[in-house]
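# Observations on the three-dimensional arrangement
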Amino acid sequence: MVKKVLFVGMGSIGLRHLKNLKKIMKSSETAALRSSNRNILGEYSELIDHEFYSVEDAKKFNADIVFITNPTSLHVETALQFIDNVKGMFIEKPLSDSIESAEKLVKNADTIMHVACPLRFHPVTKFLKNYFNSTNKIKSIHIHSGSYLPSWRPGQDYKKTYSAQKELGGGVALDLIHEIDLVRWIFGDVSEGYFGSTKISDLELDVEDTAYGIWKLKNGALCEIHLDYYRKIPKREIEIVTENSVIHADLLSSKVKICEKTGEEKTHHFDFDRNDMYIEEMEYFLDIIVNGVKSFNDTPFAIETLKYALYMRNNAGVVIQ
């Protein structure tokens, strides 16, 4: 039974999770551990029952679960402060900006931990997951995710967000770790590959704005991946080439088009609102807490995904074998 919920970090994603939680659990008692006493905006202020400004006071709230949605570099430090006092944790992606730091969480087997992976709840990626559980022989996968960082959070100076600052765990390789997670979840792990990143735009950042890789997967498929912060016309697509078909998945328009070598084409279009996947993930998280089961994106899985993102971020181009 979940009655009390603590939020650490009340930025845009924390506020989204708070609002969605209250849609599902209207009677839950909520609290926020905050680093400043700035007013929580608008309708969200009515959804918070208590505000704390120290870890000690927040612990006295005796939350059942905690949402860790502060900057990436603080995730593990925050989790360790509460890990012995709560039943479960929802940790925003990525788990950390350091493998050494993230591995500190693996020892705490009694606390259920789920690392955010909202794109697994997108109807397009769920379709792909089911489609490729069949005998389709994949030859290659092409993934492109690009958008313009200053447009991400309207009303905020992008230069002051964690995304633009290395010390807070920013950079496109970690920010768009979703795509790396999808590779592992749908298609499997990497056996060898070329990883790299660079900064090529005029954006005022001290992190990479481009990350890329050419990977050979353990199932033999070739995967090419491109992530960027500078594309003013957004794109989030996956193309899969099999022995007999080409599958084009567009996550922004929620469409999957399958073209067979016979010339037959079929398009699947999903009626989808972006918040739907966050609602579904919230329901999933609350269900695993109530039933005491392991998350399908627990800390060991998320750490392996993080390794690939850090290979990309920390290298101007490297091959691993």
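Our subject is the structure that appears above.
Heads up: these notes are all about the structure in this document. These numbers come from a predicted model, not from an experiment.

## Notes on the packing of aromatic side chains
Taken as a whole and assessed by the stated rule, the structure comprises 19 aromatic pairs. Plain terms: the ring middles of Phe-127 and Tyr-131 are 5.8 Å apart, the flat faces sit at 15° to each other, and that makes the pair stacked. Of this pair, Phe-127 and Tyr-131 both sit in helix H5 (residues 123–131), four residues apart, roughly one helical turn. Comparing Phe-127 with Tyr-131 shows no difference in burial state: the two are buried. Where Trp-215 meets Tyr-308, the ring centres are 5.9 Å apart and the plane angle is 40°; that geometry is what we call tilted. With Trp-215 in strand E9 (residues 210–217) and Tyr-308 in helix H9 (residues 299–313), this pair connects stretches of sequence that are 93 residues apart. For Trp-215, a relative accessible area of 0% corresponds to the buried category. For Tyr-308, a relative accessible area of 8% corresponds to the buried category. Directly above the ring of Tyr-148 sits Lys-232, whose terminal nitrogen or CZ lies 5.0 Å from the centroid.

## What about a nonpolar patch on the surface?
On the surface, Tyr-194, Ile-214 and Leu-222 cluster together to form a nonpolar patch covering roughly 250 Å² of accessible area. With respect to the helices, strands and loops of the structure, Tyr-194 is situated in strand E8 (residues 190–198). Assessed through its relative accessible area of 35%, Tyr-194 is described here as partly exposed.

Definitions and cut-offs
- Residue indices begin from 1 for each chain and proceed along its sequence in written order.
- Owing to the predicted nature of the model, reporting of local features is limited to residues with pLDDT of at least 70; listing and counting of side-chain atom pairs is limited to 80 or more, with chain, interface and lining totals taken over all residues.
- Think of the side-chain values as coming from all heavy atoms in the structure, minus any hydrogens and water.
- Two aromatic rings from Phe, Tyr or Trp, using only the six-membered ring of Trp, form a pair when their centres are within 6.5 Å; if the ring planes differ by under 30 degrees the pair is stacked, by over 60 it is edge-to-face, and anything between is tilted.
- Every helix listed is a DSSP run of H or I at least four residues long, and every strand listed is a run of E at least two residues long, numbered separately from the N terminus.
- We call a residue buried when its accessible area falls under 20% of the maximum for its residue type, exposed when it is over 50%, and partly exposed in between, using a 1.4 Å probe and counting protein chains only.
- Working rule: Lys NZ or Arg CZ, within 6 Å of ring centre, within 35 degrees of ring normal, means a charge sits over the ring.
- Residues enter patches when their relative accessible area tops 30% and they take part in no salt bridge; the joining distance is 9 Å for like charges and 5 Å for the nonpolar side chains Val, Leu, Ile, Met, Phe, Trp and Tyr.
- What sets the accessible areas is the Shrake-Rupley method with a 1.4 Å probe; for residues, cover comes only from the shown protein chains.
- The term salt bridge refers to a pairing of a side-chain nitrogen on Lys or Arg with a carboxyl oxygen on Asp or Glu at a separation within 4 Å.

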